[in-house]
Amino acid sequence: MIEAGIKGKEEMTVSEQNSALAMESGTLMVFATPSMAALMEKTAWKSVAPYLEDGQCTVGTKLELTHSASTPIGMKVICESELIKAEGRKLVFKITVSDECGVIGESMHERFIVESGKFQKKTDSKLEKSL
């Protein structure tokens, strides 16, 4: 059983590949909001992965974020998550991202525990329905 209090931490260096220009979320060579969102989700799912049963994973269902400061290419960013609520299959995380000068973003993120095979099969069945 997963309980509140689990923490995660991921670090990365901002590169041209995760810039606003490359992600097409803007025209500047700064850390892109979509890249920050992906880092937040990665930090959350990786933090709880060791606590899941075989055949389970988590899927993101909600992400409310603020991106409050820009970060240049070449600067390190650190993402820290904390599981603040675990209600059955629903997990809620508080996440903060900082660069070497301070906090650049925060979010509340919701994930659900699912059975990997069943979830993938259900999703793939949408292709058959669309034909």
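Okay, so let's go over this structure. (Residues numbered from 1 in each chain as written. Predicted model: local features only at pLDDT ≥ 70, side-chain atom pairs only at ≥ 80, totals over all residues. Heavy atoms only, no water.)

### Brief notes about the environment of Glu 10
Within the element layout of this structure, Glu 10 appears in strand β1 (residues 7–13). Of the residues examined, Glu 10 reaches a relative accessible area of 16% and is grouped as buried. If near-sequence neighbours (up to four positions away) are discounted, Glu 10 is found in contact with Leu 39, Lys 42, Thr 43, Lys 46, Val 77, Ile 78 and Cys 79. (Helix = DSSP H or I, 4+ residues; strand = E, 2+ residues; numbered from the N terminus. Buried < 20%, exposed > 50% of the residue type's maximum accessible area, 1.4 Å probe, protein only. Contact = heavy atoms within 4.5 Å.)

### Structural notes on the pattern of salt bridges
Enumeration over the complete set of coordinates arrives at six salt bridges. Between Glu 64 and Lys 62 there is a salt bridge, and its shortest N-O distance comes to 3.3 Å. You can call Lys 62 partly exposed: its relative accessible area is 41%. For Glu 110, the salt bridge is made with Lys 90, and the minimal N-O distance between the two is 3.6 Å. Taken together, the residues span a long stretch of sequence, with Glu 110 in strand β5 (residues 102–115) and Lys 90 in strand β4 (residues 90–99) at a distance of 20 residues. Judged by relative accessible area, Glu 110 falls into the buried class, the value being 17%. Connected through shared salt-bridge partners, Lys 9, Glu 11 and Lys 76 make up one network. (Salt bridge = Lys/Arg side-chain N within 4 Å of Asp/Glu carboxyl O.)

### Details of unusual backbone geometry
Phi angles above zero are rare outside glycine, and Glu 24 is one such case at about 60°. Turning to its location among the elements, Glu 24 is positioned in the loop between α1 (20–23) and α2 (33–48).

### With respect to the state of the cysteines
Across all of its chains, the model carries zero disulfides by this definition. Cys 57 takes part in no disulfide bond, and the closest cysteine sulfur to it belongs to Cys 79, at a distance of 19 Å. Looking at Cys 57, the relative accessible area reads 26%, which means it is partly exposed. For Cys 101, which is in no disulfide, the shortest distance to another cysteine sulfur is to Cys 79 and amounts to 17 Å. Assessed through its relative accessible area of 69%, Cys 101 is described here as exposed. (Disulfide = S-S within 2.5 Å.)

### So, a nonpolar patch on the surface
A contiguous nonpolar surface patch, about 230 Å² in accessible area, is contributed by Leu 21, Met 29 and Ile 73. Tracing the chain through its elements places Ile 73 in the loop between β2 (56–67) and β3 (76–87). (Patch = residues over 30% accessible without salt bridge, like charges linked within 9 Å, V, L, I, M, F, W, Y side chains within 5 Å. Areas by Shrake-Rupley, 256 points an atom, 1.4 Å probe, with all protein chains shown as cover.)

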